[in-house]
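# Examination of the molecular architecture
In case you want the letters, here they are:
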Amino acid sequence: MFRSRGRRRKRQKRIRGARNQRTPLSIGEFTNFPTMNHGLAVISHQNTVTRIQHAIIQALYSLNGHKDNYSVSVSGQSGAYEGELAFEVGVANGEFFDYLDEETLKELCDPLGSGGDYPFLDFLVIATYHYSRDGKKIPLIFDHHVLRFAFNGREVDISLFHIKGTRRIPLDEFLNIIIGKIVNEAKHSKLRAINLEKIWTL
């Protein structure tokens, strides 16, 4: 799902959607971001655009590899199993997503340190699920989401499109996890308060 960069071995796949005609392309922009939404959230803040963008990038970086216990049901079997929910995160770079590791984080944050900012930021967030049976860790179908953060003064619009998967994690719960990470990062960075103004999902 992620593009290979240099010597790093990453999976890659082109995700098709409506082509964005704005040029030139740069890191942070997904060429084929879908035209429809499965979810939308609006957060407000009293910070500079540069600082809120830095907090969002850091929040998504910290989400990468984050794991939680998560109860899962398994098709064809009764009851629920103690499982694990984890996340893999990439940032858009044209038609692909680059895995959001330390190198990509620096590339993404460098323009902010020079006083620039992004009109929007696009991310791929994969929710992964596993459960244990007979001493083995067994994967379930993953959920793939794309997120767009659009910056409008003191508000940030978050658009969500669910690409594929069974929606094992409900979309409103998924959005709340993302927003929670951003709020925590803002507190850690001593930003002014971030408020959730609106959330909607299909």
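Please refer to the structure placed before this passage.
A quick note: this is a predicted structure, and the numbers were derived from the prediction, not measured.

### Some details on the overall build of the protein chain
- Each helix and strand counted, the protein chain has three helices and nine strands in total.
- Listing every helix and strand of the protein chain by position from the N terminus yields β-α-β-β-β-α-β-β-β-β-α-β.
- The 202 residues of the protein chain split such that 46% are buried.
- Long-range contacts, defined as pairs at least 24 residues apart, comprise 67% of the intrachain contacts of the protein chain with a sequence gap of at least 6.
- Counting every atom, the protein chain has about 10300 Å² of accessible surface; 48% of that belongs to carbon and sulfur.

### Notes on the packing of helix α1 (residues 49–63) against helix α3 (residues 171–188)
- Viewed as axis vectors pointing N to C, α1 and α3 meet at an angle of 120 degrees, and their least axial separation amounts to 8 Å. The angle between the axes of α1 and α3 places the two elements in the oblique class. Crossing of α1 over α3 shows right-handed handedness. Seen from α1, the contacting residues are A55, I56, Q58, A59, S62 and L63; seen from α3, they are I177, I178, K181, I182 and E185.
- Class assignment for the residues of the contact of α1 with α3 results in seven nonpolar, two polar and two charged.

### Some points on the environment of L63
- By the secondary structure assignment, L63 is in helix α1.
- Setting aside anything within four residues of it in sequence, one finds L63 in contact with F87, V89, V125, I177, I178 and K181.

### Points about the pattern of salt bridges
- Evaluation of the coordinates by the stated rule reveals three salt bridges.
- Close ionic contact of K106 with D110 constitutes a salt bridge, the shortest N to O distance being 3.1 Å. You can see K106 and its partner D110 sitting in helix α2 (residues 102–113), four residues apart, about one turn around the helix.
- A salt bridge links D122 to R148; the shortest N-O distance between them is 2.7 Å. Here R148 lies in strand β7 (residues 143–152) and D122 lies in strand β5 (residues 120–133), a separation of 26 residues in the sequence.

Quick notes on the rules
- Residues numbered from 1 in each chain as written.
- Predicted model: local features only at pLDDT ≥ 70, side-chain atom pairs only at ≥ 80, totals over all residues.
- Heavy atoms only, no water.
- Helix = DSSP H or I, 4+ residues; strand = E, 2+ residues; numbered from the N terminus.
- Buried < 20%, exposed > 50% of the residue type's maximum accessible area, 1.4 Å probe, protein only.
- Contact = heavy atoms within 4.5 Å.
- Areas by Shrake-Rupley, 256 points an atom, 1.4 Å probe, with all protein chains shown as cover.
- Axes fitted to C-alpha atoms, helices over the stretch in contact; angles between N-to-C directions.
- Parallel < 35°, antiparallel > 145°, perpendicular 65-115°, else oblique.
- Left-handed = near helix turned anticlockwise from the far one by under 90°.
- Nonpolar A, V, L, I, M, F, W, Y, C, P; charged D, E, K, R; others polar.
- Salt bridge = Lys/Arg side-chain N within 4 Å of Asp/Glu carboxyl O.

As far as function goes, none of this settles anything; it's purely spatial.
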